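# Understanding the architecture of this molecule
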Amino acid sequence: MNEQFNQAHYDIKQQITHYEHDLDHFWTTLTGAVVLIMQLGFAFLEGGCVRYRNIQSIIIKVYANTAISIIMMWIVGYGLMMGKTNDSQFNGISGFSGFRFKDHPESYADFVFNTALAAAANSIVSGGAAERMSIPGYIALSVLFSGFIYPICIHWAYKGWLYDLGYHDFAGSGAIHLTAGIGALVVTFMLRPRTNRFNPQFESQFKPSNTTFICLSCLTLYMAWMCFNSGSTLALSDGSVFTVGNSIANTMVGGASGGLFVFFYHYFTNRNTDSRFSLVMVCNGNLAGLVAVTGSNDEIEQWAAFVIGIIGGIIYVLVAKILHKLQIDDPVDAIPIHAGCGLAGAMCPGWFDRRRGIYYEWGAYQWGVQVLGCVCFVAWSVAWHYVACKILERLNLLRVHNRIEMEGLDPTICGGHAFFYEPVREQEMKEPYS
Amino acid sequence: MNEQFNQAHYDIKQQITHYEHDLDHFWTTLTGAVVLIMQLGFAFLEGGCVRYRNIQSIIIKVYANTAISIIMMWIVGYGLMMGKTNDSQFNGISGFSGFRFKDHPESYADFVFNTALAAAANSIVSGGAAERMSIPGYIALSVLFSGFIYPICIHWAYKGWLYDLGYHDFAGSGAIHLTAGIGALVVTFMLRPRTNRFNPQFESQFKPSNTTFICLSCLTLYMAWMCFNSGSTLALSDGSVFTVGNSIANTMVGGASGGLFVFFYHYFTNRNTDSRFSLVMVCNGNLAGLVAVTGSNDEIEQWAAFVIGIIGGIIYVLVAKILHKLQIDDPVDAIPIHAGCGLAGAMCPGWFDRRRGIYYEWGAYQWGVQVLGCVCFVAWSVAWHYVACKILERLNLLRVHNRIEMEGLDPTICGGHAFFYEPVREQEMKEPYS
Amino acid sequence: MNEQFNQAHYDIKQQITHYEHDLDHFWTTLTGAVVLIMQLGFAFLEGGCVRYRNIQSIIIKVYANTAISIIMMWIVGYGLMMGKTNDSQFNGISGFSGFRFKDHPESYADFVFNTALAAAANSIVSGGAAERMSIPGYIALSVLFSGFIYPICIHWAYKGWLYDLGYHDFAGSGAIHLTAGIGALVVTFMLRPRTNRFNPQFESQFKPSNTTFICLSCLTLYMAWMCFNSGSTLALSDGSVFTVGNSIANTMVGGASGGLFVFFYHYFTNRNTDSRFSLVMVCNGNLAGLVAVTGSNDEIEQWAAFVIGIIGGIIYVLVAKILHKLQIDDPVDAIPIHAGCGLAGAMCPGWFDRRRGIYYEWGAYQWGVQVLGCVCFVAWSVAWHYVACKILERLNLLRVHNRIEMEGLDPTICGGHAFFYEPVREQEMKEPYS
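Report follows, based on the coordinates. (Residues numbered from 1 in each chain as written. Chains lettered and ligands numbered in written order. Predicted model: local features only at pLDDT ≥ 70, side-chain atom pairs only at ≥ 80, totals over all residues. Heavy atoms only, no water.)

## A short note on the packing of aromatic side chains
- Within the structure shown, the criterion is met by 93 aromatic pairs over all chains.
- Aromatic pair Y267 of chain B and F268 of chain B: ring centres 5.4 Å apart, planes at 80°, arrangement edge-to-face.
- Its relative accessible area of 22% is what places Y267 of chain B among the partly exposed residues.
- An angle of 80° between the planes, with centres 5.5 Å apart, marks the rings of Y78 of chain C and F101 of chain C as edge-to-face. With Y78 of chain C in helix α3 (residues 55-82) and F101 of chain C in the loop between α3 and α4 (106-126), the pair connects residues that are 23 residues apart, well separated along the chain. Both residues of the pair, Y78 of chain C and F101 of chain C, belong to the buried class.
- Directly above the aromatic system of F198 of chain A lies the positively charged group of R197 of chain A, at a separation of 4.9 Å from the ring centroid. (Phe/Tyr/Trp six-rings, centres within 6.5 Å; stacked < 30°, edge-to-face > 60°. Buried < 20%, exposed > 50% of the residue type's maximum accessible area, 1.4 Å probe, protein only. Helix = DSSP H or I, 4+ residues; strand = E, 2+ residues; numbered from the N terminus. Lys NZ or Arg CZ within 6 Å of the ring centre and 35° of its normal.)

What follows is the structure, encoded as structure tokens:
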């Protein structure tokens, strides 16, 4: 009897553990799938920010880097990122090209989630490339980023030496947004501004050409971001669902406070002009808040999410102003949003985390580790992007020819404008031919 | 042995109950996150209905009210709505500003779901504000709506006195759509029609300027609505998943029958004109059916969903006609769809509910309660919206200046048109300047 | 004691089985709901491919067929498709009009999933109808397709005689995409080309008018496709979640390799022209890869998904070229993508399936069954679409009048162009009238 009882008890425990795992892998896979819709968000964000003549070209870059990220993650990136860490804890060394996934079927969920995030990170870099970077050059950079630069940072933060030091960056303000945003900065810097960008005579031309694209993008990103952040639990069972709920609630609040702050700030500084209300500003503020809250949304209270959203908004406004002063031409504001707010967001676990932060009297150790992590991400990202851009420049693959830039990449190398609406021509009516 | 057995049995029961809760909170959180994409739907629905000169302005209103709803729900709305009911069962009195959420982590899921719904409800009101309401005025109204007017109605219906009477409104045809739709009616009425709206010479100008935006919107809403409706179970476990399935199946069918009815009705009444097929009509009919089936989709059969969709379609067509006769100018048809079909949908549990309805011989008590509820929602919504509009009018924050309206809000206060496609100018080619 | 123990053990086993079912039905319902967003994808894919004058008309077709599919599936299609098979194993004979669903509440999940798929399949056919098919004619065809042609094929493949032979087509490369793509082929063929399509003077007019619509569509479809494919497990519990993960990972990879292949192929064949980079090509290649990997993504390895994506890309390029040579005018490339890659995808379980395929030395039986299935789908689809088109031709409901086609369906029968952006007119400013 006793034995029978123990056996039954064990069996049931096992079965329950199976469901636990089913639920967790399901959650990771589902959020990974939903996060892929962020590529739509990035494509339209960047498409809406550039001039009519370059809409297709930038969307091509985002679409291509989506596909490239997936393939590169499969071949090499996932192994470097999530494989068993090597002795130096610098990179992973297993799981390349789906090797032995079938023996560890839980790897699929992990692969799907991390690959969707990698595609999003890669699209952040494309922001710096808008309107003047060569498409083959960008493709080469994208291969390097998704196959090497990015996976290594993720390995440090979530499996390697930095993780061992206690680095905490829940959904990746530092490891993802800062790394990618700094990539955009280097690319932007190396490319130099778009022709006529700071020529006062033409400045008005460089306003975003389609604000509805930007709105479409940001509301899509807002929704997907809640899955991006909460999916980072990689689990639902055993109370993780509460972290998921907390994380989504914080993401909602942080995004909203960032959006409102920038919206009102813009209103007060422009209240006597004809642009006192700005759709683009509420959108960008929303993104700024979301990036800022990404690193810490698992273990903060909602008031902290509110504050962090506003911090994100302030950083966005400040960094955008500084870049404009320095004549660094970032067509889609990728640098203030992802690098600026990413850095701020990576500090937040050191400040506001209930179980780690200074505010809760846990001392400054956590903050120190966060700073160390960010310094490493920045150095790593700057170094590789700089080298890559230098090589591309040598190969004449960095910036398109001036004639192409002036006429626009769409009509010169992408087969025509992104859309056109031809009326019926008289002649056509006369010559039907079936 | 016996004791050991009892302990093990108890442990496992507990564990299973935990998974039950994991699953339920997960479902509530997930549907809440997905429902936020409805804001994209409302932004493009309204952006597509207005004239080119006002597209940004209305999207700004929707975007701002999204962020405002989230912040107001966090500060005060959620507490009024879902807090412990006070003695009078009029409003909730706990859970403000996330207070003690961390001790009741199941509150996060509930907060996320209800906040996403509140944002949607708030956007419904914005429909009435299109093309002529002052943006600061609308923002003030939005604060009042999401922080006070709306949460109180929800409290009545799902926790308070009305709930105690047996009021049943599954996903909120009455408490949500009717309350908000009546808000849109009062705003529309107080604002008076857009200039030239009923001037025959200019009437054609007021056709929706972008039907593809409307289609984008409605198909997004259709998908999100299935989560909106089925998420209202707040549970998956213990058979709730069947209610979820039933609810989604009914939502699909009700939306489809509403869309087809209005599409064919429009065809038959316009069959000799050049507008015999109408994309906008199939979209609006679809929404009408969805609103109508929202109140009762948990406990009706599919044939009833089909019938209710058609009822929604009929109400939409009728109310739109009456409003046009009365020269009440509702640019986005928010009143017929949300107020009209919302009222009809709130009646349906009294008629078609398998466990409550007249059709199934349960008598008219349920219907009586539904009518009582709707009278209260209407009275509450009319009173507060009227007072708010009167105050805004006094403060000159209700309607924009006539010059702004005539030129459009976009170029005069929102920084320019929503999009523009400038060709390359000759001069620009001559003066490159990097 | 023993009895008590057995009872408790049994109870718990039961309860666990319930959760298993909860999880499985939940998954089926959720993926069904998400798959409905594919209608947005098809609407914008086709809207972006046609000329300005026909955008509304094709979106109306997709929207109408969405609603019609849902209603027809409810009335008759679901019963034919998923009802108890009759003796001949030709069609189902129960479950019509939701009959007895309430006694078998698991039917709702199944209904939702299959109905969303049916709507998607129906939209594939609409591709062939673009720019010249009569709307009433298309509606009639849509009733026939979703109520009869399509459900029968699905019954064969997943419940009937073909299933008994061992036919395996995980998410429907053959039963869904091939059947629908062949429908598009027959419709395209019977309609004959659009006027002036192959007149060299006007050929340039027939380029897709809006590539951003196409990108919006394809990224939406990419995300939804992962739910489409993985939802076909109809289960999460008991390890199915691993199949889900594998399926999504393969779908990601297959879509990406297809997109990249066609993108690079297009580059190499056009590298000296001004259209060397093409957004439309990376989009179509992506879809081609997705269709190709749909049939086998449950049981293949990732390298196979990569290869299959490329096979899809090759087939797409080849078939599109052949159709152009034969002057078969397929405005949205529905035939190469869905019929061509659908056929290839239906072969793949015979080649690459770990538990069935030739590559894994399981012999050619499986491949034989796959070929047999495809022959039957093609024959069935050709026969009924041909008969339907012939009857519609007789009734003069096949092709619109030449005048309507030349001016465009939008201004002549759909109430005007899809969008228009009128500036403020002087006169209007002079005559305000409120």
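## Observations regarding the nonpolar core
- Of all hydrophobic cores here, the largest spans 441 residues; its most connected members are F26 of chain A, F26 of chain B together with F26 of chain C.
- In this structure, I16 and Y19 of chain A, I16 of chain B together with I16 of chain C belong to the second largest nonpolar core, which totals nine residues. (Core = buried A, V, L, I, M, F, W, Y, C linked by side-chain atoms within 4.5 Å.)

## Examining the relation of the copies chain A and chain C
- With an RMSD of 0.0 Å, the fit of chain A onto chain C corresponds to turning through 120° and sliding 0.0 Å along the axis. In short, the pair behaves as if placed about a three-fold rotation axis.
- Interface residue correspondence from chain A to chain C reaches only 14%, placing this contact among heterologous pairings that use different surfaces. (Least-squares fit on C-alpha atoms with pLDDT ≥ 70 in both. Contact = heavy atoms within 4.5 Å.)

## Observations regarding the interface of chain A and chain C
- Facing the 69 residues of chain A at the interface are 74 residues of chain C.
- Contact between chain A and chain C buries roughly 6400 Å² in total, counting both sides, with carbon and sulfur atoms accounting for 72%.
- One can count one salt bridge joining chain A with chain C.
- Between K102 of chain A and E301 of chain C there is a salt bridge, with its nearest N and O atoms 3.5 Å apart.
- Looking at the side of chain A that touches chain C, the elements that each hand over two or more residues are α1 (2-35), α2 (38-49), α3 (55-82), α4 (106-126), α5 (135-158), α8 (211-231), α15 (409-413) and α16 (426-430) of chain A.
- In terms of residue count, α1 of chain A provides more of the side of chain A that touches chain C than any other element does, 15 residues in total.
- Per-class residue counts for the side of chain A that touches chain C are 49 nonpolar, 13 polar and seven charged. (Buried area = accessible area lost by both parts, 1.4 Å probe. Salt bridge = Lys/Arg side-chain N within 4 Å of Asp/Glu carboxyl O. Nonpolar A, V, L, I, M, F, W, Y, C, P; charged D, E, K, R; others polar.)

## Topic: the relation of the copies chain B and chain C
- Expressed as a screw transformation, the operator carrying chain B onto chain C has a rotation angle of 120° and an axial translation of 0.0 Å, and the superposed copies differ by an RMSD of 0.0 Å.
- Little of the interface of chain B is mirrored in chain C: 14% of its interface residues are interface residues there too.

## Topic: helix α11 (residues 302-325) of chain A
- Compared with the 34 Å implied by 1.5 Å per residue over 24 residues, the 35 Å span of α11 of chain A between its first and last C-alpha is a close match.
- Turning to α11 of chain A, its buried residues number three or more, namely Q302, A304, A305, I308, G309, G312, G313, Y316, V317 and L323 of chain A. (Expected span 1.5 Å × (residues − 1).)

## So, the interface of chain B and chain C
- The interface of chain B with chain C comprises 74 residues on the first partner and 69 residues on the second.
- At the boundary of chain B with chain C, total buried surface from both sides reaches about 6500 Å², with 72% on carbon and sulfur atoms.
- For the chain B face of the interface with chain C, the top three residues by lost area are L219, M252 and F277 of chain B, together amounting to 10%.
- Our enumeration of links across chain B and chain C arrives at one salt bridge.
- If you look at where chain B meets chain C, you find 13 residue pairs in polar contact (both at pLDDT 80 or more).
- Top contributing element to the side of chain B that touches chain C by residue count: helix α9 (residues 240-269) of chain B, with 14 residues.
- The residue inventory of the side of chain B that touches chain C, partitioned by class, reads 40 nonpolar, 23 polar and eleven charged. (Polar contact = N/O pair within 3.5 Å; in protein donor to acceptor, adjacent residues only side chain to side chain.)

## Some thoughts on the pattern of salt bridges
- A complete count under the given rule lists 36 salt bridges over all chains for this structure.
- Two residues, D103 of chain B and R100 of chain B, come together in a salt bridge whose shortest N-O distance is 3.4 Å.
- Look at D103 of chain B and you get partly exposed, because its relative accessible area is 47%.
- With relative accessibility at 47%, the residue R100 of chain B sits in the partly exposed group.
- Where R403 of chain B meets E407 of chain B, a salt bridge forms, and the shortest distance between an N and an O atom there is 3.8 Å. Here R403 of chain B and its partner E407 of chain B are both found in helix α14 (residues 402-407), four residues apart, which amounts to about one turn of the helix.
- Each of R51, E131, R194, R197, E203 and D329 of chain A takes part in a single network of salt bridges with overlapping partners.

## Points about empty space enclosed by the protein
- Within this structure, the stated rule accounts for 13 cavities of 30 Å³ or more.
- Taken as a whole, the largest cavity encloses approximately 260 Å³ of empty space.
- What lines the largest cavity is a set of 22 residues, and nearest its centre among them are M223 of chain A, I37 and M223 of chain B together with I37 and M223 of chain C.
- For the lining of the largest cavity, the secondary structure elements donating two or more residues are α1 and α8 of chain A, α1 (2-35) and α8 (211-231) of chain B together with α1 (2-35) and α8 (211-231) of chain C.
- A total of four residues in the lining of the largest cavity trace back to one element, the largest contributor, which is α8 of chain A.
- As for the second largest cavity, its lining consists of I16, Y19, E20 and L23 of chain A, I16, Y19, E20 and L23 of chain B together with I16, Y19, E20 and L23 of chain C.
- Class assignment for the residues of the lining of the second largest cavity results in nine nonpolar, no polar and three charged. (1 Å grid on protein atoms, 1.4 Å probe; cavity = no way out; pocket = protein on both sides within 12 Å on 5 of 7 lines; lining within 4 Å. Points joined across faces, edges and corners; volume = space filled by probe spheres on them.)

## Focus: a nonpolar patch on the surface
- Together, V382, W384, Y386, V387, I391 and L395 of chain A line one region of the surface with nonpolar side chains, adding up to about 520 Å² of accessible area.
- Classification of L395 of chain A by relative accessible area gives exposed; the value is 54%. (Patch = residues over 30% accessible without salt bridge, like charges linked within 9 Å, V, L, I, M, F, W, Y side chains within 5 Å. Areas by Shrake-Rupley, 256 points an atom, 1.4 Å probe, with all protein chains shown as cover.)

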